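Okay, here's what each chain looks like letter by letter:
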Amino acid sequence: MSLPPSPTQHPETTIEVLRTTTAQTVVTATLPTIRMALSPPARPVPAGDTGLEIAKFLIEDGVITDEQLAYATRVRTKLSSERPLLSILNEIGYVSLDQQRTVLRNHRVSVRIGALLVELGHLRGQDLRAALALQRESGSSKKLGDILLENHFIEENKLIEVLADQLGFPQIVPDLGDIDRKLLDRANPNWYLQRHFVPIRPEGDKILVAFADPLDQRARQDAARLFGPDLVPLIASKRNIREVLETYKRHSQNLVTPVVQVDETSHVVELVHNLLLDAMNARASDIHVEPMKNDVRIRFRCDGVLSVYKTVEKKLGPALSNRIKILAKADIAERRRHQDGHISFEDPKTGRQIDIRASIYITVYGEKAVLRLLRKAQLVPMDQIGMFPRTLSRFCDDALDLPSGITLITGPTGTGKTTTLYSCVNYLNSIDRCITTVEDPVEYIIEGIAQCSLNPKIDITFETTLPHILRQDPDVIVLGEIRDRFSADAAIQAALTGHKVLTTFHTEDTIGGLLRLMNMNIETFLISSTVVSVLAQRLLRRVCPHCAESYQPNSTELQRLGYRRQDLENTTFRQGRGCSVCRHTGYQGRVGVFELLVLNVMVKDAIIQKCTSHEIRRISLETSSMVTLLEDGLLKASRGETTLTEVFRYLPRLDKPRPLLDLKRLVGIS
Ligand SMILES: [Zn+2]
């Protein structure tokens, strides 16, 4: 198929704005009414009339005569309200719908979208004029189709339906699996993204190409330059085209990562420098530089998830780990033992500084380096850490505000325990309280409290520090972490002597925290008389606000939750489509998920009785208003804050969640 030049000489931008001067009743769509409504004065037909544009094709194909067109035009000028010429021609009986469709398909490369939509009654003339005015304002740089969609003059699925039905462009939902990669590789994904089309596959001696707007002459010409004139235009939504190209981009970054061709040591210096800069900018928490069998893979962990940053040649491996060891002040001569080090890195342009902890681990393929980017802990006010209202008030009233007892904050590494610990300390910090901490190390300095960092090199250890803390007359003691029986005993002793103790513990959930203490052979009555609450937490990725879309959970997801569809009333599940802001992950930042166990008499009794974890859990759920991690995450997903995928991936699923309505009541939301 060849692409003929655009035959219309008057650009759509020259249409004059037509105003009706008399307010008469709208003529209904019957022929007699039209005839009766004929009355002077006649309205002038505007230049660049959309109807004439289409009518011209009808005459060309011999469907109507010049006289018939003149009559229909005259009829229209007498009408009090605007009517598409095509609908008048239909109504008078000059043109059947089938004839109209055939003619439009014959001339589809010359039809312009605005005229077509108006004539088919899918767009009001005034909306087309408004869109054209907007196009003029944009200096004609924007395409009319885009303006119509952006301003909701027409919805995209309607537009596609019209083009597919009237002009006969086959509709397609492009899928990366069906796309011929050789065709796709003829241009950069971004080039296609700008032009809103994507090649599909060769068919015979023609090439199928999906366009968001198959009437867009410029896109058609660009496609013809790349694939030759013999192409078959298909129609796909702009969103589907974008999605398939974005997926392709991600794939090509991850799988066919360009192998960096560097052989000089000086280039390795630059490579490591850029690596650190990029990790900082991507807000990565860790960098993994890992030698593999055939190359060296570099990955970043962002928002808790690893993804490939770059793959470099195998031979660069030793130079890379050497460079990292030099920066970390580790021993570069040592290649057979694990090592640790510390890097202070500064971005020379912005002056931003970051501390990095380096760990070198000896693997079968060589030294693997993991760099942890140590960001300063943020001080988040208690009411902003992401607890639902009732969970927060119970945590404050039944745990933090009590004069003594242990509050345990539990969760695996990197789940925000330290941030929550600091929020608690900040909440308790007041003129009438003495707060003393022992941390490893102090991550955030809060005015008005006595913080101490452990330093084993000068014998400031947990063991040597604790006796001194108690002599400091504290009201609140913060122990960075319970790691062993010694620190657990210390926490319990402090609580028994009337102190308030805040600490973190490395366990899966709230009951797990209690069990771990029981497994340390600590007397159960000591646990039940000192621990006042356990807070388990996780961080789930937050749905990117820039590309969030609402969606309905599918039947598999419902089944996993044990919910029926009607249980999801008043929910707004959302997921990110992926955009440049979120680096096409669909997520930006994280949201805290909490499980708060306040130890009431029943739970304490179950601990003293050494009940099974299953029993303690059941009693906690039934008597202490506990909402599990899964349930809290589910509520947050049902409000569009995170996704079900995150919930299923990161939250323990011990029991089926209770109905959302009951959970909402428990956490105090509606
Ligand atoms: Zn996004």
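Quick note: structure is the one above.
Residues numbered from 1 in each chain as written. Predicted model: local features only at pLDDT ≥ 70, side-chain atom pairs only at ≥ 80, totals over all residues. Heavy atoms only, no water.

Caption draft 1: Seen up close, the sheet that holds strand β7 (residues 339-346). Spatial strand order, β6-β5-β4-β9-β8-β7: six strands in an open sheet with antiparallel pairing. A single partner strand is all that each edge strand has here, and the edge strands are β6 (305-313) and β7. Taken pair by pair, the neighbouring strands of this sheet meet at an average axis angle of 20°, ignoring direction. (Pairing = 2+ DSSP bridges. Helix = DSSP H or I, 4+ residues; strand = E, 2+ residues; numbered from the N terminus. Axes fitted to C-alpha atoms, helices over the stretch in contact; angles between N-to-C directions.)

Caption draft 2: Seen up close, the pattern of salt bridges. In total, this model carries 36 salt bridges according to the counting rule given. When the shortest N-O distance is used, the salt bridge between K368 and E290 registers 3.1 Å. Taken together, the residues K368 in strand β9 (residues 366-374) and E290 in strand β4 (residues 286-291) connect sequence positions 78 residues apart. Relative accessible area serves as the criterion here: at 19%, K368 is assigned to the buried category. (Salt bridge = Lys/Arg side-chain N within 4 Å of Asp/Glu carboxyl O. Buried < 20%, exposed > 50% of the residue type's maximum accessible area, 1.4 Å probe, protein only.)

Caption draft 3: The arrangement of the coordination of the zinc ion in detail. Protein ligation of the zinc ion involves C544 (SG), C547 (SG), C579 (SG) and C582 (SG), the donor distances falling in the range 2.3 Å. Viewed at the metal, the four donor atoms of the zinc ion are separated by angles of 106 to 112°, and the geometry they form is tetrahedral. Within one chain, the residues donating to the zinc ion are spaced in sequence as C-x2-C-x31-C-x2-C. Linking C544 in the loop between β14 (531-543) and β15 (548-550) with C579 in the loop between β16 (574-576) and β17 (587-598), this pair joins segments that are 35 residues apart in sequence. Accessibility classification places C544 together with C579 in one group, the buried group. (Donors = N, O, S within 2.8 Å, 3.2 Å for Na, K, Ca; no water. Tetrahedral: all angles 85-135°; square planar, octahedral: opposite > 155°, others 65-115°.)

Caption draft 4: Up close: unusual backbone geometry. Residue P441 is bonded to the preceding D440 through a cis peptide linkage, with omega at -5°. Residue position: P441 is located in the loop between β11 (435-438) and α18 (462-470). The phi dihedral of N521 is positive, around 60°, even though this residue is not glycine. When you line up the elements, N521 lands in the loop between α20 (510-519) and α21 (524-530). With a relative accessible area of 63%, N521 lands in the exposed category.

Caption draft 5: Seen up close, the pairing of β14. Of all 13 residues in β14, 11 are buried, a share of seventy percent or more. Pairing between strand β10 (residues 405-410) and β14: five bridges, direction parallel. The residue of β14 that forms the bridge with T407 is S533. Bridge count for β14 against β17 is 10 bridges, and the pairing is antiparallel. Counted as the bridge partner of S533 is V598 from β17.

Caption draft 6: A look at the nonpolar core. With 43 residues, the main nonpolar core has L58, L116, L117 and L163 as its most contacted residues. For this core, the elements supplying multiple residues, two or more each, are α2 (50-60), α3 (66-78), α4 (85-92), α5 (97-106), α6 (113-119), α7 (125-137), α8 (144-150) and α9 (156-167). A per-element tally of this core places α9 first, with six residues. In this structure L116 touches I54, L104, V111, V162, L163 and L167, once residues within four positions along its chain are discounted. In this structure, M520, V531, I607 and I619 belong to the second largest nonpolar core, which totals 36 residues. (Core = buried A, V, L, I, M, F, W, Y, C linked by side-chain atoms within 4.5 Å. Contact = heavy atoms within 4.5 Å.)

Caption draft 7: Looking closely at the sheet that holds strand β3 (residues 231-235). Ordered by their spatial adjacency, three strands build an open sheet running β1-β2-β3, and the pairing between neighbours is mixed. A strand with exactly one partner marks an edge of an open sheet, and here the two such strands are β1 (197-203) and β3. Neighbour to neighbour, the strand axes of the sheet diverge by 25° on average, direction disregarded. Bridging between β1 and strand β2 (residues 206-211) involves six bridges; their strand directions are antiparallel. Within β2, the position partnered with P202 by the bridge is I207.

Caption draft 8: Representation of the environment of E150 within the structure. Examined against the element boundaries, E150 turns out to sit in helix α8. Each C-alpha atom of the pair E150 and L596 lies 45 Å from the other, and the pair is 446 residues apart in sequence.

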